[in-house]
Amino acid sequence: MKTPWKFIPLVAFAAYCTAVTTAAPEAKEKHHLYLLIGQSNMAGRAAIPPADAAPLPNAWLLTKEGAWEPAKPPLNIHSTIRKGAGMQKLNPGTQFAADMLAAYPGTSVGLIVNARGGSKIGQWDKSQKFYQDAVLRTRQAMKSGTLKGILWHQGESNNSDPDYLTHLKALVSNLRADLGDPNLPFIVGQINASKKNYPVNDHLLKLPTVLKGTACVSSKGLTTTDAWHFDAASQKLLGERYAPVSYTHLTL
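What you see is a predicted model; the values in this text were computed from it and never measured.

Novice: Requested: an account of the overall build of the protein, with residues and values cited.
Specialist: The helix and strand inventory of the protein stands at seven helices and seven strands. Ordering the α and β elements of the protein from the N terminus gives α-β-α-β-β-α-β-α-β-α-β-α-β-α. Looking at the 252 residues of the protein, the share that counts as buried comes to 54%. For the protein, the share of sequence-separated contacts (at least 6 apart) that also reach a separation of at least 24 residues comes to 76%.

The following block contains the structure:
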């Protein structure tokens, strides 16, 4: 199995890559899709460093109309359930995409980002709009790409919910069924743990013990701008942590 890669600075990656961002995405089997959902840290609340504001070569973002545009932060700008446009900033997706592109030369990455700040896991129930919009937009994207995994970051609004793991298991199972892949990789990230070990972090950590093809990435060492929201450096680190875990599960 390939050894997970180290953190690749976005500026260095963009300089290294010679692809033209305005070219069409790769053929369907080489256009790798990832659904990014959850609440505010997945929507992105960190300031966007000027060096990271440019489109990322070979990375694409699904628009509300179901088309592809060059991916650059804020990645949650086309979310059908987002809060105000000005609240959408840097999330883990940009660094994640850069690392996945480095791991899979000759491919492109398509990001479907449909997060909502402050959302509770109950709002992601199969019967709710948040869930239904995520499935609808992913199916749109799958017409021109191959779905490789889902990244989930949520739990601040359910930080002490004793039934969180039960809801999360149902979410994974429902998404896998509705997107047609019973083994679809589902990677979760822990919430801020710098000041308190919130019970939800233990639930997130337990997910791989109850569902195959899932994994949890740690929030250890990440820093925030307030009680909950990761700063830009930590959003990049979170994206870095999502990437090698996703690679491992993609090759199972």
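There's more to say after this.
Novice: Explain unusual backbone geometry residue by residue, including any values.
Specialist: Peptide bonds are trans in most cases, and residues, glycine excluded, mostly fall at negative phi. Of the consecutive residues proline 73 and proline 74, the connecting peptide bond is found in the cis state with omega at 5 degrees. Residue position: proline 74 is located in the loop between strand 3 (68–70) and helix 3 (93–103). Here the phi dihedral of asparagine 58 falls at roughly 70 degrees; this positive angle occurs in a residue that is not glycine. When you line up the elements, asparagine 58 lands in the loop between helix 2 (40–43) and strand 2 (59–62).

Novice: Explain the pattern of salt bridges to me, using residue names and the numbers behind them.
Specialist: This structure, assessed with the given rule, holds three salt bridges. With its nearest N and O atoms 2.6 Å apart, the salt bridge here joins aspartate 178 to lysine 126. Placement of the pair is aspartate 178 in helix 5 (residues 164–178) and lysine 126 in the loop between strand 4 (108–113) and helix 4 (129–141), with a sequence separation of 52 residues. The salt bridge involving lysine 129 is made with aspartate 133; its shortest N-O contact spans 2.8 Å. Of the two residues, lysine 129 and aspartate 133 are both situated in helix 4; the distance of four residues between them amounts to about one turn of the helix. We classify lysine 129 as partly exposed; its relative accessible area is 47%.

Novice: Can you tell me about the nonpolar core, naming the residues and giving the values?
Specialist: Of all hydrophobic cores here, the largest spans 35 residues; its most connected members are Trp152, Leu168, Leu175 and Phe186. Those elements giving two or more residues to this core turn out to be strand 1 (31–38), strand 2, helix 4, strand 5 (146–153), helix 5, strand 6 (186–189) and helix 6 (199–210). The biggest single contributor to this core is helix 5, with six residues. Beyond its immediate sequence surroundings of up to four residues, leucine 175 is in contact with Ile37, Tyr131, Val135, Ile150 and Phe186. If you look at the next biggest cluster of nonpolar residues, it comprises 29 residues, including Ala98, Leu111, Phe230 and Ala243.

Novice: Now, about the packing of aromatic side chains: what can you tell me, with residues and values included?
Specialist: Taken as a whole, this structure holds four aromatic pairs when the rule is applied. Residues tyrosine 34 and phenylalanine 96 carry aromatic rings whose centres are separated by 4.9 Å and whose planes lie at 85 degrees to one another, so their mutual orientation is edge-to-face. Of this pair, tyrosine 34 sits in strand 1 while phenylalanine 96 sits in helix 3, placing them 62 residues apart in sequence. You can call tyrosine 34 buried: its relative accessible area is 1%. By relative accessible area, phenylalanine 96 is classed as buried at 0%. Through a chain of ring-to-ring contacts, the aromatic side chains of Trp124, Phe130 and Trp152 assemble into a single cluster.

Cut-off values and rules
- Residues numbered from 1 in each chain as written.
- Predicted model: local features only at pLDDT ≥ 70, side-chain atom pairs only at ≥ 80, totals over all residues.
- Heavy atoms only, no water.
- Helix = DSSP H or I, 4+ residues; strand = E, 2+ residues; numbered from the N terminus.
- Buried < 20%, exposed > 50% of the residue type's maximum accessible area, 1.4 Å probe, protein only.
- Contact = heavy atoms within 4.5 Å.
- Salt bridge = Lys/Arg side-chain N within 4 Å of Asp/Glu carboxyl O.
- Core = buried A, V, L, I, M, F, W, Y, C linked by side-chain atoms within 4.5 Å.
- Phe/Tyr/Trp six-rings, centres within 6.5 Å; stacked < 30°, edge-to-face > 60°.

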